[in-house]
Amino acid sequence: MREPKIDIKEKQLLSDNHYILHKYAIGYERKNGEIEIQEREIYDKGSGAAILLYNLKQGTVILTRQFRLAMYLNEGNQKGMSIEVCAGLLDGLTPEECIIKETLEETGYQIEKPKHLYDAYMTPGAVTEKVSYFIAPYDTAMKVAHGGGLEEEQEEIEILELSFEEAYDMIAEGKIIDGKTIMLLQYAHQYIF
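Before going into details, it helps to say that this report is about the structure given with it. Since this is a predicted model, take the numbers as computed values, not measurements.

So, how was this worked out
Residues numbered from 1 in each chain as written. Predicted model: local features only at pLDDT ≥ 70, side-chain atom pairs only at ≥ 80, totals over all residues. Heavy atoms only, no water. Helix = DSSP H or I, 4+ residues; strand = E, 2+ residues; numbered from the N terminus. Buried < 20%, exposed > 50% of the residue type's maximum accessible area, 1.4 Å probe, protein only. Contact = heavy atoms within 4.5 Å. Polar contact = N/O pair within 3.5 Å; in protein donor to acceptor, adjacent residues only side chain to side chain. Expected span 1.5 Å × (residues − 1). Disulfide = S-S within 2.5 Å. Phe/Tyr/Trp six-rings, centres within 6.5 Å; stacked < 30°, edge-to-face > 60°. Pairing = 2+ DSSP bridges. Axes fitted to C-alpha atoms, helices over the stretch in contact; angles between N-to-C directions.

## Here's the deal with the environment of glutamine 38
- With respect to the element layout, glutamine 38 can be found in strand β3 (residues 35-44).
- Since its relative accessible area comes to 15%, glutamine 38 is described here as buried.
- Sequence spacing of glutamine 38 and glycine 27 is 11 residues, and the spatial spacing of their C-alpha atoms is 6.5 Å.
- Residue contacts for glutamine 38: discarding those within four places in its chain leaves Tyr24, Ala25, Ile26 and Tyr28.
- At a separation of 3.4 Å, a polar atom in the side chain of glutamine 38 contacts the side chain of arginine 40.

Below is the structure:
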């Protein structure tokens, strides 16, 4: 497979309010050898990690429910609340360190050795974020804190413990529309439950 030559001609900062948005002008070498100028806006919010907590004995999973402005703006008033797996941005941590920290903050469960499955880009055409996907078993003895997120991060997270079947059915019902959650539930359907 051919790797095209790329030449970054211009990089313009559009926003650095919370994350970073740049506009790029690049020279892209087409298959015929011609150089085409392309303009793209790329959003850099850092990379992240996501985890599905599961209890095989109970047949349950832990998910979260929280408000997402982007969903609200796109879907309208009925769709602002998102059911998701626990996730967060790396912020200088390794993916494993991040997901252990986020699991405790969001769900109250203390995990030690999450299993890394794969990494994936969710929106590679416009966002630099690469997400590392994990799974880990949980049980009631691992619940060491209340969870619900951090107030200083303006998080208000509801913790959901659902049967795996109920959670998996929520994909087809349109109640779970978050990509990382769908991917991890599909993995669990194939390899865990």
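## Some words on unusual backbone geometry
- Despite not being glycine, aspartate 91 shows a phi value in the positive range, around 45°.
- Locating aspartate 91 in the fold gives a position in the loop between β7 (86-89) and α2 (95-107).
- A residue is classified by how much of its surface remains accessible, and aspartate 91, at 67% relative accessible area, is exposed.

## Quick notes on α2
- Under the 1.5 Å per step criterion, the end-to-end length of α2 is 17 Å for 13 residues, consistent within 8% with the ideal 18 Å.
- What α2 keeps buried is the set Cys98, Ile99, Ile100, Glu102, Thr103, Glu105, Glu106 and Thr107.
- Where α2 is buried, its residues touch β4 (48-55), β5 (60-67), β7, β9 (130-137) and β10 (158-163).
- Following α2 by one or two positions, glycine 108 has its phi on the positive side, about 85°.

## Some remarks on the environment of lysine 101
- Note on placement: lysine 101 falls in helix α2.
- Residue lysine 101 is classed as partly exposed on the basis of its relative accessible area, which comes to 30%.
- Considered as a pair, lysine 101 and leucine 184 are 83 residues apart in the sequence and their alpha carbons are 19 Å apart.
- Within the local environment of lysine 101, its side chain forms a polar contact with the side chain of glutamate 102, the two groups lying 3.2 Å apart.

## Thoughts on the state of the cysteines
- One pass over the structure, following the stated rule, counts zero disulfides.
- Free cysteine cysteine 98: the closest other cysteine sulfur is in cysteine 86, separated by 8.3 Å.
- Given the relative accessible area of 0%, cysteine 98 is considered buried.

## Topic: the packing of aromatic side chains
- One pass over the full model with this rule turns up eight aromatic pairs.
- Where tyrosine 109 meets tyrosine 138, the ring centres are 5.1 Å apart and the plane angle is 70°; that geometry is what we call edge-to-face. Taken as a pair, tyrosine 109 in the loop between α2 and β8 (115-121) and tyrosine 138 in the loop between β9 and β10 lie far apart in primary sequence, 29 residues in all.
- Note on tyrosine 109: relative accessible area 7%, which makes it buried.

## A word on the sheet that holds strand β2 (residues 20-29)
- Ordered by their spatial adjacency, three strands build an open sheet running β1-β2-β3, and the pairing between neighbours is antiparallel. Two strands lie at the open edges of the sheet, namely β1 (6-15) and β3, each paired on one side alone. Recorded for the sheet is a direction-independent mean angle of 20° between the axes of neighbouring strands.
- The pairing of β2 with β3 spans 10 bridges and is antiparallel. Bridge pairing links tyrosine 28 to glutamate 36 in β3.

Take it as geometry only, folks, not as evidence of what the structure does.
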